[in-house]
Amino acid sequence: MGGESIRDLYKMVEDEFNAELIKTDAYKEACTRRRQKRELVETCLSKEEYAILQEYLDVYNEVASVEMEEAFIKGFRLANQLLVDSLR
């Protein structure tokens, strides 16, 4: 399976995973805690400082997303190779 096909599969799996994730109690509770902390940080920082922090968090999340996608692709390729090797 080519790299782009695996990326398409990742996006499909990610969408399905996210739809299931948002229904869990653990996720809802974590989102509540995140909202509370965000509100606290907003009151502690100036608008400029908060904007810088938000930009940092956006980039941090972007990097984490790229890492997860690449890990999925590598894991998928490895699993396929192991399957092929086991059939020989």
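Residues numbered from 1 in each chain as written. Predicted model: local features only at pLDDT ≥ 70, side-chain atom pairs only at ≥ 80, totals over all residues. Heavy atoms only, no water.

**What about the pattern of salt bridges?**
The final tally for this structure, using the stated rule, is 8 salt bridges. As a salt-bridge pair, Arg 7 and Glu 69 come within 3.0 Å of each other at their nearest N and O atoms. With Arg 7 in helix α1 (residues 3-21) and Glu 69 in helix α3 (residues 47-86), the pair connects residues that are 62 residues apart, well separated along the chain. For Arg 7, a relative accessible area of 23% translates into the label partly exposed. Between Glu 39 and Arg 35 there is a salt bridge, with its nearest N and O atoms 3.4 Å apart. In this pair, Glu 39 and Arg 35 are both assigned in helix α2 (residues 25-44), 4 residues apart and thus about one turn of the helix distant. Residue classification places Glu 39 among the partly exposed positions, given a relative accessible area of 38%. Connected through shared salt-bridge partners, Glu 4, Arg 7, Lys 11, Glu 69 and Glu 70 make up one network. (Salt bridge = Lys/Arg side-chain N within 4 Å of Asp/Glu carboxyl O. Helix = DSSP H or I, 4+ residues; strand = E, 2+ residues; numbered from the N terminus. Buried < 20%, exposed > 50% of the residue type's maximum accessible area, 1.4 Å probe, protein only.)

**Digging into the side chain of Glu 69**
The buried category is assigned to Glu 69, whose relative accessible area is 14%. Once residues lying within four places of it in the same chain are set aside, the contact partners of Glu 69 are Arg 7, Tyr 10 and Lys 11. (Contact = heavy atoms within 4.5 Å.)

**Brief notes about the layout of surface pockets**
One number sums up the size of the largest pocket: a volume of about 690 Å³. For the lining of the largest pocket, the secondary-structure elements that each account for two or more residues are α1, α2 and α3. Broken down by element, the residue count for the lining of the largest pocket peaks at 9 residues, all from α3. A breakdown of the residues in the lining of the largest pocket according to their chemical character gives 13 nonpolar, 4 polar and 5 charged. (1 Å grid on protein atoms, 1.4 Å probe; cavity = no way out; pocket = protein on both sides within 12 Å on 5 of 7 lines; lining within 4 Å. Points joined across faces, edges and corners; volume = space filled by probe spheres on them. Nonpolar A, V, L, I, M, F, W, Y, C, P; charged D, E, K, R; others polar.)

**A closer look at the environment of Arg 38**
As for its placement among the helices and strands, Arg 38 is situated in helix α2. The spacing of Arg 38 and Ala 26 is 12 residues in sequence and 18 Å in space, taken between C-alpha atoms.

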